Amino acid sequence: MDKLHETIMKHMAEQDLGIDTLTQLIGTSKSTLYRKIKANTGLNTNEYIRICRLKKAAEMLSTQEYRVNEVAYLVGFSSILLHYQFPQTIQHFTFCICKKSGN
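Here's the deal with the overall build of the protein
Argument step 1. When helices and strands are tallied, the protein shows 7 helices and 0 strands.
Argument step 2. Moving toward the C terminus, one meets the helices and strands of the protein in the order α-α-α-α-α-α-α.
Argument step 3. For the protein, with 103 residues in total, the buried portion stands at 34%.
Argument step 4. Taking as baseline every contact in the protein between residues at least 6 positions apart, the subset at least 24 positions apart corresponds to 48%.
Argument step 5. With the model as given, the accessible surface of the protein reaches about 6400 Å², and the carbon-plus-sulfur share is 51%.

So, in structure tokens, the structure goes:
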């Protein structure tokens, strides 16, 4: 799990970071990756990536060095992804970050 987490953190800004990319970077199969993440976190692979991105975004926003839209791009959420995953608004993105980080 440490190698997986490090890989996600290293490639987080890449908008296309997903199951296929992770399996190539880590050198494992999709099913093995899924089983490992599910057993350790209870989440599927895409949910785990999203949670990692949201936690990093919360951390970055708490420093007050970046605006919300800057953080969104830095953690790999393009405007298209934001509208798909957080259809209401950027404020909803902020709400999700705060909800996941417990703030």
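Considering the side chain of Thr7
Argument step 1. For Thr7, the position within the fold is in helix H1 (residues 2-11).
Argument step 2. Residue contacts for Thr7: discarding those within four places in its chain leaves Leu22, Leu25 and Ile26.

Some points on the nonpolar core
Argument step 1. Core analysis: the biggest nonpolar cluster contains 19 residues, and Leu4, Ile8, Leu22, Leu33, Tyr48 and Val75 have the highest contact counts within it.
Argument step 2. Within the residue set of this core, elements represented by two or more residues are H1, helix H2 (19-26), helix H3 (30-41), helix H4 (45-62) and helix H5 (68-74).
Argument step 3. Ranked by the residues each element gives to this core, the list is headed by H4, at 7 residues.
Argument step 4. Excluding anything up to four places from it in sequence, Leu4 contacts Leu22, Ile26, Leu33, Ile37 and Tyr48.

A few points about H4
Argument step 1. Taking 1.5 Å of rise per residue, the 18 residues of H4 would be expected to cover 26 Å, and the 26 Å separating its terminal C-alpha atoms lies within 8% of that figure.
Argument step 2. Those residues of H4 that fall on the buried side of the exposure criterion are Thr45, Tyr48, Ile49, Ile51, Cys52, Arg53, Leu54, Ala57, Ala58, Met60 and Leu61.
Argument step 3. Between the side-chain oxygen of the N-cap and the backbone nitrogen of Asn46 there are 3.0 Å, and the N-cap of H4 in question is Asn44.
Argument step 4. At the C-terminal side of H4, Gln64 shows a positive phi close to 60°.

Observations regarding the environment of Thr7
Argument step 1. Residue class for Thr7 comes out buried when judged on its relative accessible area of 11%.
Argument step 2. Each C-alpha atom, one on Thr7 and one on Leu25, is 7.5 Å from the other, the two residues being 18 residues apart in sequence.

Looking at unusual backbone geometry
Argument step 1. One non-glycine residue, Gln64, lies in the positive phi region at around 60°.
Argument step 2. Checked against the element boundaries, Gln64 lands in the loop between H4 and H5.

Quick notes on the pattern of salt bridges
Opposite charge on two side chains permits pairing when their charged atoms draw close.
Argument step 1. Applying the stated criterion across every chain yields a total of 3 salt bridges.
Argument step 2. With its nearest N and O atoms 3.3 Å apart, the salt bridge here joins Lys56 to Glu59. Here Glu59 and Lys56 lie together in helix H4, a separation of 3 residues that amounts to about one turn.
Argument step 3. In this structure Lys56 comes out as partly exposed when scored by relative accessible area, which is 28%.
Argument step 4. Put simply, Glu70 and Arg67 hold a salt bridge, and the shortest N to O gap is 3.7 Å.

Cut-offs applied
Residues numbered from 1 in each chain as written. Predicted model: local features only at pLDDT ≥ 70, side-chain atom pairs only at ≥ 80, totals over all residues. Heavy atoms only, no water. Helix = DSSP H or I, 4+ residues; strand = E, 2+ residues; numbered from the N terminus. Buried < 20%, exposed > 50% of the residue type's maximum accessible area, 1.4 Å probe, protein only. Contact = heavy atoms within 4.5 Å. Areas by Shrake-Rupley, 256 points an atom, 1.4 Å probe, with all protein chains shown as cover. Core = buried A, V, L, I, M, F, W, Y, C linked by side-chain atoms within 4.5 Å. Expected span 1.5 Å × (residues − 1). Polar contact = N/O pair within 3.5 Å; in protein donor to acceptor, adjacent residues only side chain to side chain. Salt bridge = Lys/Arg side-chain N within 4 Å of Asp/Glu carboxyl O.

All we've got here are geometric facts, nothing functional implied.
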